[in-house]
Amino acid sequence: MKKKSLKKQRKFGLIGKNISYSFSKKYFAEKFLHNHFHNCEYENYDIQNVKELTNVIKNTKGLVGLNVTIPYKETILPFLDKVSKNAKKIGAVNCISITKNKKLKGYNTDFYGFKKALKPLLKNHHKKALILGTGGASKAVAYALKKLNIEFDFVSRDPSEYEIGYKEINADIFNEYQIVINTTPLGTFPNIAELPKLDYSLFTPKHIAFDLVYNPEETAFLKKARKAGAVTKNGHEMLIFQAEKAWLIWNK
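All figures in this text were calculated on a predicted structure; none of them were measured in a lab. (Residues numbered from 1 in each chain as written. Predicted model: local features only at pLDDT ≥ 70, side-chain atom pairs only at ≥ 80, totals over all residues. Heavy atoms only, no water.)

1. Notes on the environment of Phe32
Phase 1 of the analysis: Relative to the elements of secondary structure, Phe32 occurs in helix H1 (residues 23-34).
Phase 2 of the analysis: Note: C-alpha distance between Phe32 and Tyr42 (ten residues apart in sequence) is 9.0 Å. (Helix = DSSP H or I, 4+ residues; strand = E, 2+ residues; numbered from the N terminus.)

Below you can see the structure in the form of structure tokens.
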């Protein structure tokens, strides 16, 4: 018979599509090992449709927390019982806490992670930002910029009247917007040659180029921006900050 003193098994995981490359599983596995959290496990739940979330919740004993990644950060919302104020305002969720009676509450820790990672780079002249992409991650970035009192505009391949098209970006726009953030998956391993269509010679030492992609460490976007003199940063630190925030939520 097992001793009663043994702690109950706690399971965590990542919901996404084609996520074998994921940062989260390795990060949390190392965290559990380092801190001797022997009752904690972290799994990837690679699902082809967001509806499969229901099966994951139903069939996984001891599941208390999930991270959410591409492409489900927005489509997961209808499956949740509650959504935090910040996640509601952002319109995207990347963290879920699960109660004993299987109630799901969604949070957004991406905005927190991004804000914390960007802040040390900011100088007085960094007043406006271009957000490349319009997916779930871009919404968290926009919310963080709002909190930092930085104006922003979205850049899209298929722009609405409120967005900027890539073809419109010229020297005048680069002069006005001195932070450029890639929230698209372009340049992610294995497609490391891909990058947003910009004139990279327009970057200057006054610019920040921030890429949410973290694998490879230096994307083609960051490499070209750095060669033109820009201050660059990838998404690795942002991921650590958002993961630690998720851990706090799961252990409330």
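Let's pick the thread back up.
2. Some thoughts on the side chain of Lys233
Phase 1 of the analysis: By secondary structure assignment, the location of Lys233 is in strand S12 (residues 231-233).
Phase 2 of the analysis: There is a polar contact of 2.8 Å between the side chain of Lys233 and the backbone oxygen of Ala117. (Polar contact = N/O pair within 3.5 Å; in protein donor to acceptor, adjacent residues only side chain to side chain.)

3. Quick word on helix H5 (residues 136-147)
Phase 1 of the analysis: For H5, built from twelve residues, the straight-helix expectation of 16 Å at 1.5 Å per residue is met to within 8% by its first-to-last C-alpha distance of 17 Å.
Phase 2 of the analysis: Among the twelve residues that make up H5, nine are buried, leaving the element largely enclosed by the rest of the structure.
Phase 3 of the analysis: All buried positions along H5 are accounted for by Gly136, Ala137, Ser138, Ala140, Val141, Ala142, Tyr143, Ala144 and Leu145.
Phase 4 of the analysis: Structurally, H5 contributes buried residues whose contacts are with helix H3 (85-90), helix H4 (110-118), strand S7 (128-132), strand S8 (151-156) and strand S10 (179-182).
Phase 5 of the analysis: Asn149 occupies a position one or two residues after H5 and carries a positive phi of about 60°. (Expected span 1.5 Å × (residues − 1). Buried < 20%, exposed > 50% of the residue type's maximum accessible area, 1.4 Å probe, protein only. Contact = heavy atoms within 4.5 Å.)

4. Some thoughts on the packing of aromatic side chains
Phase 1 of the analysis: One pass over the structure, following the stated rule, counts 20 aromatic pairs.
Phase 2 of the analysis: Relative to Trp247, the ring of Phe12 lies with its centre 5.4 Å away and its plane at 55°, an arrangement referred to as tilted. Of this pair, Phe12 sits in strand S1 (residues 10-16) while Trp247 sits in helix H8 (residues 236-250); the two residues are 235 residues apart in sequence, bridging distant segments of the chain. An identical accessibility class is assigned to Phe12 and Trp247; each is buried.
Phase 3 of the analysis: Relative to Phe221, the ring of Tyr200 has its centre 6.1 Å away and its plane inclined at 75°; by these criteria the two rings are edge-to-face. Residue Tyr200 is located in the loop between S10 and strand S11 (208-211), and its partner Phe221 is located in helix H7 (residues 220-227); the two are separated by 21 residues in the primary sequence. The two residues Tyr200 and Phe221 agree in class, both being buried.
Phase 4 of the analysis: Stacked on the ring of Tyr177, the Lys or Arg Lys128 has its end atom at 4.8 Å from the ring centre.
Phase 5 of the analysis: Positioned above the aromatic ring of Tyr112 is the side chain of Lys245, whose terminal nitrogen or guanidinium carbon lies 4.7 Å from the ring centre. (Phe/Tyr/Trp six-rings, centres within 6.5 Å; stacked < 30°, edge-to-face > 60°. Lys NZ or Arg CZ within 6 Å of the ring centre and 35° of its normal.)

5. Overview of the environment of Leu202
Phase 1 of the analysis: Within the secondary structure, Leu202 sits in the loop between S10 and S11.
Phase 2 of the analysis: Considered as a pair, Leu202 and Asn170 are 32 residues apart in the sequence and their alpha carbons are 7.9 Å apart.
Phase 3 of the analysis: Beyond its immediate chain neighbours, meaning those up to four positions away, Leu202 contacts Asn170, Ala171, Phe174 and His207.

6. Let's talk about the sheet that holds S12
Phase 1 of the analysis: Here six strands make up an open sheet; going across it, the order is S9-S8-S7-S10-S11-S12 and the pairing parallel. The sheet terminates laterally at strand S9 (164-165) and S12, the two strands that pair on one side only.
Phase 2 of the analysis: Pairing analysis gives four bridges linking S10 to S11, with the strands arranged parallel. What sits directly across from Asn182, in S11, is Asp211.
Phase 3 of the analysis: Its contacts with the sheet place H4 against S10, S11 and S12, and it is angled at close to 145° to S11. (Pairing = 2+ DSSP bridges. Axes fitted to C-alpha atoms, helices over the stretch in contact; angles between N-to-C directions.)

7. Comments concerning the pairing of S10
Phase 1 of the analysis: Burial of the side chains of S10 extends over both faces: Ile179 and Ile181 are buried on one face and Val180 and Asn182 on the other.
Phase 2 of the analysis: Pairing analysis gives four bridges linking S7 to S10, with the strands arranged parallel. Bridge pairing links Ile131 to Ile181 in S10.

The values are spatial; any link to function lies outside them.
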